[in-house]
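# Examination of the molecular architecture
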Amino acid sequence: MSTTLTPSANAAALPARGMSPRQRTWRRFFDGPVGYITTGILALFVVVGVFGPMVVKYPSGLGTSILQPPSAQNWFGTDGLGLDVFAEVVWGTRMSLLVALFAGLIAVTIGAFLGIAAAYFRRLDPIITTLTDVMLSLPLLPLMIVVTAMVGPSIVTLTLVIGFFSWPEICRLIRANALVVSALPFIDGARAIGSSPLRIMLKEILPMVSPLLVVNALLTGARAVISEAGLSFLGLGDPDTWSWGRILQSAQRDGVLVSAWWQTLFPSIAILLLVLSATIIGMRFNDSRTASFTGVKP
Amino acid sequence: MSAPLDPTALDPTSITQHGTEVVLDVRDLAVDFVTEMGTVTGISGVNFQLRRGETIAIVGESGSGKTTTVNAVLGLLPANGSVRSGEIVFNGANIAGATEKVLRRIRGAHIGFVPQDPMSNLNPVMRIGDQLAEVLIAHGAATKRDVKAKVVELFEQAGLPDAASRARQYPHEFSGGMRQRALIAIGLACQPDVLIADEPTSALDVTVQRTILDRLSLMTRELGTAMILVTHDLGLAAERAETVIVMNKGKIVEQGPSQQILTNPQHEYTRRLVESAPSLASARMRPDADVLATERAMAASPVILSVRDLAKTFRVRNAATGRREEFHAVDGVSFDLHRGSTLAIVGESGSGKSTIARMALRLEEPTSGSIEFDGTNIAHLGGAKLKALRRRVQPIFQDPYSSLNPMSSIGEILEEPLKIYGLGSAASRREKALDLLELVTLDASVYDRFASELSGGQRQRIAIARSLALDPQLIICDEPVSALDVLVQAQILELMIRLQKELGLSYLFISHDLAVVRLIADEVVVMKAGQIVERGSIVGVFDDPQHEYTRTLLRSIPGVPVPEPLAQSLE
Amino acid sequence: MVNGNLGTSFYSQSPVTDDLLTRLPWTLLLAGCAFLLTMVIGIPLGVAAAVKRDGIRDQILRFFGMAGQAMFVPSLAVLLLAVFALNFGWFPIGGAVDSFVEGPAYLASVVSHLALPLLTLVFIQIGPYALTVRTNMLQVLGADYVRSARARGLSPHAVVWNHGLRNAMIPAVTLMGLQLGTLVGGAVLTETVFAYPGVGSMIFEAVGRQDFPILQGAFILLAVTVVFANLVTDLVCLAIDPKLRTGNRA
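Keep in mind that what you see is a predicted model, and the values were worked out from it rather than measured.

Here we take up the domain arrangement of chain B. Residues and elements named next belong to chain B. Each assigned domain of chain B is listed with its residue range as follows: domain 1 (7–110 + 190–276) and domain 2 (291–404 + 472–570). Contacts between the two partners involve 15 residues from domain 1, matched on the other side by 13 residues from domain 2. Broken down by element, the residue count for the side of domain 1 that touches domain 2 peaks at four residues, all from helix 8 (residues 206–223). Split into classes, the residues belonging to the side of domain 1 that touches domain 2 amount to three nonpolar, six polar and six charged.

The next subject is the sheet that holds strand 18 (residues 506–511) of chain B. All names here are of chain B. Spatially, 16-17-18-13-19-20 is the arrangement adopted by the six strands of the open sheet, whose pairing is mixed. Of all strands in the sheet, those bounded by a partner on one side alone are strand 16 (393–396) and strand 20 (531–537). Shown here is a sheet whose adjacent strand axes are inclined to one another by a mean of 15 degrees, direction ignored.

On to the environment of A:Ala149, then. Residues and elements named next belong to chain A. Structurally, Ala 149 is set in helix 6 (residues 140–151). Residue classification places Ala 149 among the buried positions, given that 23 C-beta atoms sit within 10 Å. Spatially, the C-alpha atom of Ala 149 lies 6.7 Å from that of Leu 236, the residues being 87 residues apart in sequence.

Okay, the nonpolar core next. With 306 residues, the main nonpolar core has A:Ile145 and B:Ala182 as its most contacted residues. Residues lining this core come from more than one domain, with at least three contributed by each of domain 1 (7–110 + 190–276) and domain 2 (291–404 + 472–570) of chain B. Excluding residues that lie within four positions of it along the chain, B:Ala182 makes contacts with B:Leu122, B:Ile128, B:Phe155, B:Ala158, B:Leu160 and B:Phe174.

This part is about the packing of helix 4 (residues 128–138) of chain B against helix 7 (residues 176–188) of chain B. Residue and element names in this part refer to chain B. Where helix 4 meets helix 7, the closest approach of the two axes is 9 Å, and the angle between their N-to-C directions is 15 degrees. In this view, helix 4 runs roughly parallel relative to helix 7, as classed from their interaxial angle. For the pair helix 4 and helix 7, the crossing hand works out as right-handed. Note on element contacts: helix 7 touches helix 4 through Ala 182, Ala 185 and Ile 186, opposite Ile 128, Gln 131, Leu 132 and Val 135. The residue inventory of the contact of helix 4 with helix 7, partitioned by class, reads six nonpolar, one polar and no charged.

Assignment of secondary structure puts A:Leu138 in the loop between helix 5 (125–137) and helix 6. On the basis of neighbour count, A:Leu138 is assigned to the partly exposed category, with 18 C-beta atoms found within 10 Å. Spatially, the C-alpha atom of A:Leu138 lies 18 Å from that of A:Glu228, the residues being 90 residues apart in sequence. Residues in contact with A:Leu138, not counting those within four places in the same chain, are A:Leu143, C:Gly181, C:Ala223 and C:Val226.

A few words on the packing of helix 5 (residues 144–151) of chain C against helix 6 (residues 156–194) of chain C. Residue and element names in this part refer to chain C. Two elements in contact, helix 5 and helix 6, have axes whose closest approach is 10 Å; the angle formed by their N-to-C orientations is 150 degrees. It follows that helix 5 is roughly antiparallel to helix 6 by the angle criterion. In this structure, the crossing between helix 5 and helix 6 has a hand that is right-handed. When helix 5 is examined against helix 6, the residues Tyr 145, Val 146, Ala 149 and Arg 150 are found in contact with a partner set consisting of Val 159, His 163 and Gly 164. Here the residues of the contact of helix 5 with helix 6 are counted per class, giving four nonpolar, two polar and one charged.

What follows is about unusual backbone geometry. All names here are of chain B. Although it is not a glycine, Arg 362 adopts a positive phi angle of roughly 60 degrees. Along the chain, Arg 362 falls in the loop between helix 14 (353–360) and strand 14 (368–373). A tally of 21 C-beta atoms within 10 Å means that Arg 362 is categorised as buried. Phi angles above zero are rare outside glycine, and Asp 374 is one such case at about 50 degrees. Within the fold, Asp 374 resides in the loop between strand 14 and strand 15 (376–377). Looking at Asp 374, the number of C-beta atoms within 10 Å reads 16, which means it is partly exposed.

So, how was this worked out
Residues numbered from 1 in each chain as written. Chains lettered and ligands numbered in written order. Predicted model: local features only at pLDDT ≥ 70, side-chain atom pairs only at ≥ 80, totals over all residues. Domains from an automatic or database assignment. Contact = placed C-beta atoms within 7 Å. Helix = DSSP H or I, 4+ residues; strand = E, 2+ residues; numbered from the N terminus. Nonpolar A, V, L, I, M, F, W, Y, C, P; charged D, E, K, R; others polar. Pairing = 2+ DSSP bridges. Axes fitted to C-alpha atoms, helices over the stretch in contact; angles between N-to-C directions. Buried ≥ 20, exposed ≤ 12 C-beta atoms within 10 Å, placed from the backbone. Core = buried A, V, L, I, M, F, W, Y, C linked by C-beta atoms within 7 Å. Parallel < 35°, antiparallel > 145°, perpendicular 65-115°, else oblique. Left-handed = near helix turned anticlockwise from the far one by under 90°.

Below is the structure:
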């Protein structure tokens, strides 16, 4: 054969140095108002959750005016005990964010670990998959209700229960992705070079699925807010902390869900905004990054 | 199989009856694509004519525009593509940019299509017979009453055995070759004026390819259908078509009678193809004194890898019977690889060649038999000894797009093996990585890039560079060039040969492509269904193949003369 | 427990099984209708959105998809209650049926009481479901065999129905089976708000009274129902997907 090549001929074929894949993802994410708006809303909630309770007093005891519509003194009105609904919503923000954060972390850690293990160790796969399928086919809310009722409601119980029952969904997703990654030749290559299984799982597979993890952590956290609200609404929330679900629950017990509309409306809007923003951020981030690794074909 | 094939009927130049009527006239066609980076030109200035009953071939590598051209003719450009200018005159009318309604009447009925991948191009939940029937009915070539009979008839013509009962089956119950026959039947169902075959055999096993192409030629000749054969293989194009059109980077660089293109290429690109495309280059190779001398020297050198009675059995569930069975992927294989030489293992999918490679890399453990590397039996090695072994035996895999971690920079990829063995400092590792880049003739600036920014050929160079990071002695190459474009294949093979000479490497080279193997291997072992059917020096096997299977493999390389067995055949 | 004895309720002092069985039919009615309606409306919606890549339609569906996942069931229930029952008076406020009615009036009463709870559940489920159907359908429509079908000159109708939908149906049915768990959870909350006398509101009452046998019994009952329904969807898939039936014989 007579084809000869020089180094420069090969380098000349490279396109001009563009942005790294991550930079491109972020640029696409913030291309347009949606990225900014949702991130702004989420940031607002974080600010309120962290600093709000320092500024607003914890609602307890009995207030003077019961079930008053929104006014200058009570921006969100008062509830059946005369307490300021606005304060309840502010304090509830902190609760929702805490539950979302920790339940999300628990679910993601367990789910990712089991998912990657199932994908890499063929022998573990049937066990983990069966467990995941069984848990996924059970109706989650009734299950959480039963467990919380038996253990006794508290913020810790709620966080643990929600986090523990949320991992199967993440596990299934991570496993599906990790299976694809494990089959790629570069994993074989890593084994052939002499990498230990733990190193492969952490350094090769985990980074590949981590964008998925981030997105799903966000979505799981969002769902955790709803689960917590649901459990509190049914009376299984922590009686010592205010949460959005608890506001609705007291309205339900007093029978004023519709008449005292302010008690229903404001927590509902809070839930909707927080969850919707988090969901949109998660989906948008996912969409922004999928075009990153298509690469240059000759 | 039905009607015997008449060899003279397949020789393109022997056909004297050709309509001179032009069926398809493509004039100055240009197609644009709208991408994230702006409008990109797909093809431009494409001019050719197709006469009634003629077969022409469009040859090009990936990105040459050959697929875009035929997509434009069918009106099936992707959503972001459109015809910028030019005409596609079919039977006198310009169909470029015609309405969907007009195109629908033409597609299937007047212009047929045989796609590349038979598995993904058949509806998995519809019976095969029904898929053919719906085309016949849609274009009025059959009524509900006679469609069943017509379906069976067409499948028989395409060479499907048991056509009547096969028609009631689903695609996943067919083999690759049978599916492609079904697709050919569907493509020619309404006796179209033109048939477009887009790489109709690239997704098939090598031994099946020739029979499918023969059947295609036979059927189109019988029906008088003109055919456009799209392929990346110039040798195949010249063998099957009267006229060859060579495309590169969206333009036609040369077109003319096929023999002329092969013997007297005018354009530089065509000349490069003729010179270096493995199938053509290997066909021209003849044994010379130099090669024979090397052979003798190599046979005398020490053995670095010695395999004896190697076997690997998998337990799989037989889908038809539902029982667990034993599948003998490798069944009693023995061979020797001499230091500094290249031993090729050739076979089709399912032959067991890849399994042998994986066992040599100790990604799988053999069920029985021994693998001796430099005197040590590595078959059941474990722990630290295995890790030490891995330094000396390294892999190069087939797919350049998935053998490199897309999330790591090139520098990180090259330094990873060194980090795992704790070799050197950060500075010395970086230096080694840059040395490796130089070794594979890549610019140092590649160090900071990511795999997604490189072409297939460049990525494969990185894969080669990485395999050399630990200064190994044996490199196991599993189809290292099969996923690359033809010209790039030649470059990579040349690189590998040079490195072998410079560094004294030994290669175990796995491939299904005898043409590629011819260009790099010293010895070859032919495998079928887990067993070795023939072995010998590369020259010996090419010039004097003993086994019928080897001869079938050789026949699939267009233009290679296959020596037939002598009169005293082995019965 | 295995022979049907789930214990005795703390509150009513009657066997849990009896209490559950009296309330079960209402939950089955509500959840069953929601299940069917979601599929019947969701699949055509998702398919239409995938076929007509209309910018506006797509955006609306995506929005409803996300809103459905983000919606808190009681909030929506209260909203519907306030607007349609109290404000317009079109529907009753709570309960499953009026007392002392018979025949056609009974049927009409059931339907009018069912309307708002059903609407709540369907509204929540349908967005995400139709969105996933759309995604599946898009994937299918991008497949090689769909393109080949077009290359054979088949009508768009044949391409979408015979080639597209028949393949997209399989994951759509499986998906609905998976949604059952969330559907039941949503039913619990909906029944509570509408005072619909099913197993769901029974759970709410039991929590308030700390009636553990009822809680356990209710959960077991619901779990069994969901598992059973999943089995049914699996069987349906078996009927639709030839690959599962005949296995992979080459």
